[in-house]
Amino acid sequence: MKNHLSRNWVISQSGLRFLIIILLVIGVFFRFVNIDKKLYWGDEVFSSLHISGYMQSEMNKQLSNGRLLTIEDLHKYQYPNPEKNVTDTIKGIMLKDSQILPLYIVMTRFWVELFGSSVAVTRSFSAFISLLTFPCIYWLCQELFESSLVGWIAIALVAVSPIHVIYAQEVRAYSLWIVTILISSVALLRAMRLKTKVSWCIYAATLSLGFYTHLFFTLVAFGQGIYVIAIERFRLSKTSIYYLISSLAGFISFVPWIWIIITNPQPETVSWASAKQTFFASATRWAGIFSRTFLDLGISPSDPGKLKIALIPFIVIILALMVYSIYVLCRRTSKEVWLFVLTLIGSVGLPLLIVDFVFQKRYATSRYTLPSVLGIQLAVAYLFSTKVTSISTKVWQKKLWSLLAVIVIIIGIISCTISSQAQMWWNKVPEKNQLLPQIAQIVNQANKPLLISDASIIPPIQILGHLVDPKVRFQIVNENQLPEITNGFTDIFLFSPSDFLKAGIEKIYNSKLQQINDLLWKITKST
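Residues numbered from 1 in each chain as written. Predicted model: local features only at pLDDT ≥ 70, side-chain atom pairs only at ≥ 80, totals over all residues. Heavy atoms only, no water.

Draft legend 1. View of the environment of Glu-44. Among the secondary structure elements, Glu-44 is positioned in helix α2 (residues 42-52). Accessibility expressed as a relative area gives 0% for Glu-44, which makes it buried. Each C-alpha atom of the pair Glu-44 and Asn-34 lies 16 Å from the other, and the pair is 10 residues apart in sequence. A distance of 2.7 Å separates a polar atom in the side chain of Glu-44 from a polar atom in the side chain of Arg-123. (Helix = DSSP H or I, 4+ residues; strand = E, 2+ residues; numbered from the N terminus. Buried < 20%, exposed > 50% of the residue type's maximum accessible area, 1.4 Å probe, protein only. Polar contact = N/O pair within 3.5 Å; in protein donor to acceptor, adjacent residues only side chain to side chain.)

Here is the structure:
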């Protein structure tokens, strides 16, 4: 792994570090700014339900009985409370959402209990965890490239990477998953270098952490296994034996949860992936996924085609940069270096590519391809460091590559600036949720509003619970049931009502319904 780079830097080491520190400050700022202003969407309200310790069936039973509800009644199933403990949290995940690994949920529950119940506090745990990415990726670059310059550039790329910032503000395990990937990678390379029992035990521990963080970490671990076998040339060497023992120990620690997943399958949780898509749609989707590593203007599937077409030249340039960086990596580094990066990129990326293009599914999303993103960022960091330090590179070429690196950083900052001011972004699935902030604004304008619904409580009603003012009252009924509407409300709304509820309200209460948008109706007096 010895691949020392020239010290003939374009700028001094102290100047580079000063710039990196500035970018770090900017990156930290983006991870926390307006953290409570973004839409608290479906995946997050499900995470919060697990954090509370309640199961969805318990929530439905206690809230869908037609009684008047306050925001606090809804939030009871979004934050920890004395009625449920961490055992209930783990039990709820085991029985109803077993593909969600418990480590992040349990850690977040302790965090919220310690610092208070709010959207900002709940999300801040992910943001703080994401800060560990900086030292971890620097450490990985030291182990892999033996170059501080590659490490500093990698930190800069990650600091203002739109995809990292977006998932640093979500109540999901993605930030923790990134950190466990980096830590396990460092631990593996360090164990292969030191060849000590302690270092291999540390690697086994990092595997266990990763397994209990995200289900796709198993693919990352499998990729690490391919790397070790290839480096050892399929020989049963001392390193291979230690690796097998360590990986077996890490896998055994995960066996109990594997049994839980097998005995409590939840196929409906990934039903969205069953939708078939064409080759062109898959290719477009993958181009968008990888380009968001550096450029993200919030384009979602529901946006007009003209916006997507306008971005094609930029996406092509970014993809070309990624491909060229991998090419340079493979040409200029040893097998120990380029094979590690390739296995990191392909560990999750390759299986998802096969599923998408061979079976025409759509499992690939930006959140699942984060290991590939990390590998690409390592390759790009190496490319930039090589081009600006290589003795064989001419001065004007060094300046050109330095300018390109600055441009990549700038478009990352621009992307993060735009997303930081937006309540709705592509990761919030705007095609399904874009009306909810509008509905909350309409309801909040009333003096004493009542919102009636027979729709599913989670996610839509719980999302609204994080958007409306405390003065809003909710009344939730089961399907084919009508509410008993009490007096005292200035405005009464129906949210996503069934035909039965709309017809029943008009008939029993002799009222007319005014449709405001696709999800909201207002009860008016019959004339």
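So, next bit.
Draft legend 2. How the structure looks around the nonpolar core. Counting residues in each nonpolar core, the largest one holds 146 residues, and the members touching the most others are Phe-145, Leu-157, Leu-188, Tyr-227, Phe-384 and Phe-474. Ranked by the residues each element gives to this core, the list is headed by helix α11 (residues 174-194), at 13 residues. With 11 residues, the next largest nonpolar core counts Phe-489, Ile-492, Leu-501 and Leu-513 among its residues. (Core = buried A, V, L, I, M, F, W, Y, C linked by side-chain atoms within 4.5 Å.)

Draft legend 3. Quick peek at the sheet that holds strand β4 (residues 491-495). As summarised here, the arrangement of the six strands in space is β1-β3-β2-β4-β6-β5, forming an open sheet in which the pairing is mixed. Of all the strands in the sheet, just β1 (68-69) and β5 (511-515) have a single pairing partner and so form its edges. One ladder, built from four bridges, connects strand β2 (residues 449-453) with strand β3 (residues 473-476); its direction is parallel. Residue Ile-452 lies in a different strand from β3, and its bridge partner there is Gln-475. Of the strands in this sheet, β2, β3 and β4 are in contact with helix α22 (residues 457-465), which crosses β3 at around 165°. Helix α23 (residues 499-508) contacts β2, β4, β5 and β6 (520-525) of the sheet and is inclined by roughly 140° relative to β5. (Pairing = 2+ DSSP bridges. Contact = heavy atoms within 4.5 Å. Axes fitted to C-alpha atoms, helices over the stretch in contact; angles between N-to-C directions.)

Draft legend 4. Quick peek at the packing of aromatic side chains. Considering all chains together, one arrives at 24 aromatic pairs under this definition. Geometrically, the ring pair formed by Phe-211 and Phe-217 is edge-to-face, given 5.5 Å between the ring centres and 85° between the ring planes. Grouping residues by exposure puts Phe-211 and Phe-217 together as buried. The structure contains a cluster of three or more aromatic residues connected by ring pairs, namely Phe-32, Tyr-104, Trp-111, Phe-115, Phe-125 and Phe-128. Sitting over the face of the ring of Trp-426, Arg-292 holds its NZ or CZ atom 3.8 Å from the ring centroid. Its end group placed over the ring of Tyr-368, Arg-367 keeps NZ or CZ at 5.3 Å from the ring centre. (Phe/Tyr/Trp six-rings, centres within 6.5 Å; stacked < 30°, edge-to-face > 60°. Lys NZ or Arg CZ within 6 Å of the ring centre and 35° of its normal.)

Draft legend 5. Geometry of the side chain of Lys-84. Following the sequence through the fold, Lys-84 ends up in the loop between α4 (71-75) and α5 (86-96). In this structure Lys-84 comes out as buried when scored by relative accessible area, which is 16%. The residues touching Lys-84, leaving out its near neighbours within four places in the chain, are Ser-52, Gly-53, Tyr-54, Glu-58 and Arg-109.

Draft legend 6. Summary view of α2. The buried fraction of α2 amounts to 10 of the 11 residues, a majority that puts the element mostly inside the structure. Every buried residue belonging to α2 is among Gly-42, Asp-43, Glu-44, Val-45, Ser-47, Ser-48, Leu-49, His-50, Ile-51 and Ser-52, and all of these are buried. Tucked into the core, α2 has its buried residues touching α3 (56-63), α5, α6 (102-115), α7 (119-130), α11 and α22. Trailing α2 by a residue or two, Gly-53 shows a phi angle of about 95°, which is positive.

Draft legend 7. A look at the packing of α3 against α22. The N-to-C vectors of α3 and α22 enclose an angle of 60°; their axes lie 12 Å apart at closest approach. Remark: the crossing between α3 and α22 carries left-handed chirality. The segment α3 lies against α22, with Gln-56, Met-59, Asn-60 and Leu-63 engaging Ile-457, Ile-458 and Gln-462. Residues that form the contact of α3 with α22 fall into these classes: four nonpolar, three polar and no charged. (Left-handed = near helix turned anticlockwise from the far one by under 90°. Nonpolar A, V, L, I, M, F, W, Y, C, P; charged D, E, K, R; others polar.)

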